[in-house]
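Examining the three-dimensional arrangement
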Amino acid sequence: MIRRRLALHLSVLVAAAGVLRVGIVPAEVCPPVTAAEVEASIDEAVAWIARGMTPEGRYTYGYDRGEDRVNNGYNGPRHAGVTMSLYQAHAVTGSDAALAAADRGLDYALDGLFTHGGFTAWDVLGEVNTGANGLLLAGLAIRREATGDTTHDDLMRGIGRFLVIQQYPDGSVSGYWHRSTGTSDPVFGTYSTGEAAWALALLDRAFPGEGWGDAAARTVDYMATERDRREGRITRLPDHWAAYTIAELRPDLLTDARMDYARQLVGYFGMRLRFEAQRRGDGINLLLRWFPGPPAGVGTAGEGIGALWLLADDPRLTDLAPNIEERIGCTAGFMVGRQVTAEEAAASARPDLERGAWFYRGYTQMDDQQHVLSSMLAALRLMEEDRT
Amino acid sequence: MSDLLLFLAFFSAVNPSRSRVGLPEGAGGRMRPGAVAVGAALSLLVIAALGWWSASILEALEITPETFRIAAGLVAVLAGWWAFVMAVPATEPPLGGWRDGVWPIAYPRILAPEVLLLAMAGATQNGVAAMTAAAGVGIGVLAALGAVRGTTRATRVLVAGGRVLAVLLVVAGIFLMVDGIRDV
């Protein structure tokens, strides 16, 4: 009788443990990766972007390898985002190839500039998008700091004035500006608010004492307290641009409330990346966790947590530092493994459009490379600091 | 998780009130002190050992402690629901004498899945000492309840108390899951 009861209890225990293991806590696989491997991955991603550029400075938008079809759509924020990411690559690795490609991308944007009432903005494909201008300005600020070139200082301030015009008194940010009416459109963009705020924070770093940082902080407060409700979201937006913004705010602007928001963001990114590490995309894991996530999504979590790692010395975040570093390293490990290698690309129809790219179910887009590249740069910065 | 949540989770997972119901009793309707002592000591030993090795076990399983907390919380919620629905646990045949402490007091009554998972989740975040102390409170109360005579009235009170602790376990499990989700 006792043996039968013991066998029953143990059977239930083992079965439940099995269900738990497979369904709730599959292994989180973090392949070991070296700084050299991360740097090689960065170079390949930069090369993919540079190879696909048109003579006028546009990037290849997307490629479907199953259909061997190039997506010829285009999008201003993504153009500015890729350009900014290339400047980040130059800033971290010193890559001349990244700087040259970014400058060509910048030239394309400079052709679309216009001035109006004291500000300068980029009209891309007939749309004056706040996010695109924010990322363009962020790229310029990163370029200025990395190269010491002050050529575009007036332009930076001009775009900064545009972003401030787009900002409402409560810190919210209009997503668009209409050239025909000369007014801001009272519509919010999902990410343009954070993109504008980050650009303003970077502008404050470049030109301290001109008030840009206070404008950025106003939008951080809006993002931390009101944005999701006001903009109709049920859950919090895990906004990597907000993370970048807080990471770049002047130290005197890092209030407890803003640091609490940073903690929340780190939590979102950490959860996302832990879940991603559980994905293998085969067998029963595919049924329970689906395919390895879209590279742009994984990359945004990686760059978001990477940005906030810059604040890990702050006593209000120090306790999270080991976990932040673990997630950054883990993400770099599995994303290096997911990148198409030269050998894999050689067997494909369009090796140049595959090598160095990250695909999601057979499709890759410029922002896949952008976000994972930025995430890899955060990992490399961490690894180099560990080394020194 | 905070030390308070750790304590509440362990106390409601051990659920001394529900666990007392149906355990083997000696003369006078009270549990045999020897069996209670063996069961309590053995349970604490297993819990402490599991806590001590928790980091290595999770590393071998390639699970981060943060993700494991989500699993422990989920199991706590399910176990709390089960304890609420099945307020009177199944009566297990005793081994007899002090050996009742091994079966059924230590296992399966105290060392239930939710307690084992909490031991690992608690030790990785709060440390082995805090976790074992939290478990010790619940087990100590169960040992004290062993001295209560298993009358019909006492059993009714224990079952009601068990249900309250079952609800508390569900709440603690939810907090634990949220903790695991929000952590980095």
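Let me begin by describing the structure that accompanies this report. Here the residue numbering is sequential within each chain, running from 1 through the sequence in written order. Each chain is given a letter, starting from A, and each ligand a number, starting from 1, according to the order in which they appear as written. Local features in a predicted model are, by the rule used here, given only for residues with pLDDT of at least 70; side-chain atom pairs are given and counted only at 80 or more, and totals for whole chains, interfaces and linings are based on all residues.

Details of the overall build of chain B
Numbering of helices and strands runs from the N terminus, with a helix taken as a DSSP run of H or I at least four residues long and a strand as a DSSP run of E at least two residues long. Secondary structure summary: chain B contains eight helices and zero strands in total. Ordered by position from the N terminus, the helices and strands of chain B form the series α-α-α-α-α-α-α-α. Here the C-alpha radius of gyration of chain B, 16 Å, is about what a compact globule of 184 residues would show, namely 16 Å. For chain B, the spread of C-alpha atoms along the three principal axes comes to 55 × 30 × 25 Å. A buried classification covers 52% of the 184 residues belonging to chain B. Nonlocal contacts in chain B, meaning residues at least 24 apart in sequence, comprise 92% of its contacts between residues at least 6 apart. Radius of gyration here is computed from C-alpha atoms only, and the compact-globule reference equals 2.2 Å multiplied by the residue count raised to the power 0.38. Counting other C-beta atoms within 10 Å of a residue's C-beta gives its exposure: the residue is buried at 20 or more, exposed at 12 or fewer, and partly exposed in between, where C-beta atoms are placed from the backbone. Here the contact rule is simple: place C-beta atoms from the backbone, and any two residues whose C-beta atoms are within 7 Å are in contact.

Side note on the sheet that holds strand β6 (residues 176-178) of chain A
All names here are of chain A. If you walk across this open sheet you meet the three strands as β5-β6-β7, and the pairing is antiparallel. Pairing within the sheet leaves two strands with one partner each, and these edge strands are β5 (128-129) and β7 (183-185). In terms of strand pairing, β6 meets β7 through three bridges, oriented antiparallel. From the neighbouring strand, tryptophan 177 faces β7, where its bridge partner is serine 184. Whether two strands pair comes down to DSSP finding at least two bridges between them.

Here we look at the interface of chain B and chain A
The partner chain A presents 21 residues to the 21 residues of chain B that form the contact. Going through the elements one at a time, α4 (65-85), α5 (102-110) and α8 (152-182) of chain B are the ones with two or more residues in the side of chain B that touches chain A. Each residue receives one of three labels: charged for Asp, Glu, Lys and Arg, nonpolar for Ala, Val, Leu, Ile, Met, Phe, Trp, Tyr, Cys and Pro, and polar for the others, Gly being one of them. When the residues that make up the side of chain B that touches chain A are grouped by side-chain class, the tally is 14 nonpolar, two polar and five charged.

Description of unusual backbone geometry
Proline 104 of chain B follows tryptophan 103 of chain B through a cis peptide bond whose omega is 10 degrees. Along the chain, the position of proline 104 of chain B falls in helix α5. For the peptide bond that leads from tyrosine 107 of chain B to proline 108 of chain B, omega is 10 degrees, which places it in the cis range. For proline 108 of chain B, the position within the fold is in helix α5. Although it is not a glycine, leucine 125 of chain A adopts a positive phi angle of roughly 55 degrees.

Some points on the nonpolar core
In plain words, the nonpolar core is the set of buried Ala, Val, Leu, Ile, Met, Phe, Trp, Tyr and Cys residues that C-beta atoms within 7 Å link up. Formed by 103 residues in total, the largest nonpolar core has its most connected members in Leu137, Leu200, Val220, Leu308 and Met376 of chain A. Here this core gets ten residues from one element, more than from any other, and that element is helix α17 (residues 366-387) of chain A. If sequence neighbours within four positions are ignored, leucine 200 of chain A has contacts with Gly160, Leu163, Trp212, Ala215 and Ala216 of chain A. In terms of nonpolar packing, the next biggest core, distinct from the first, is built from 56 residues, Ala9, Val75, Ala112 and Ile139 of chain B among them.

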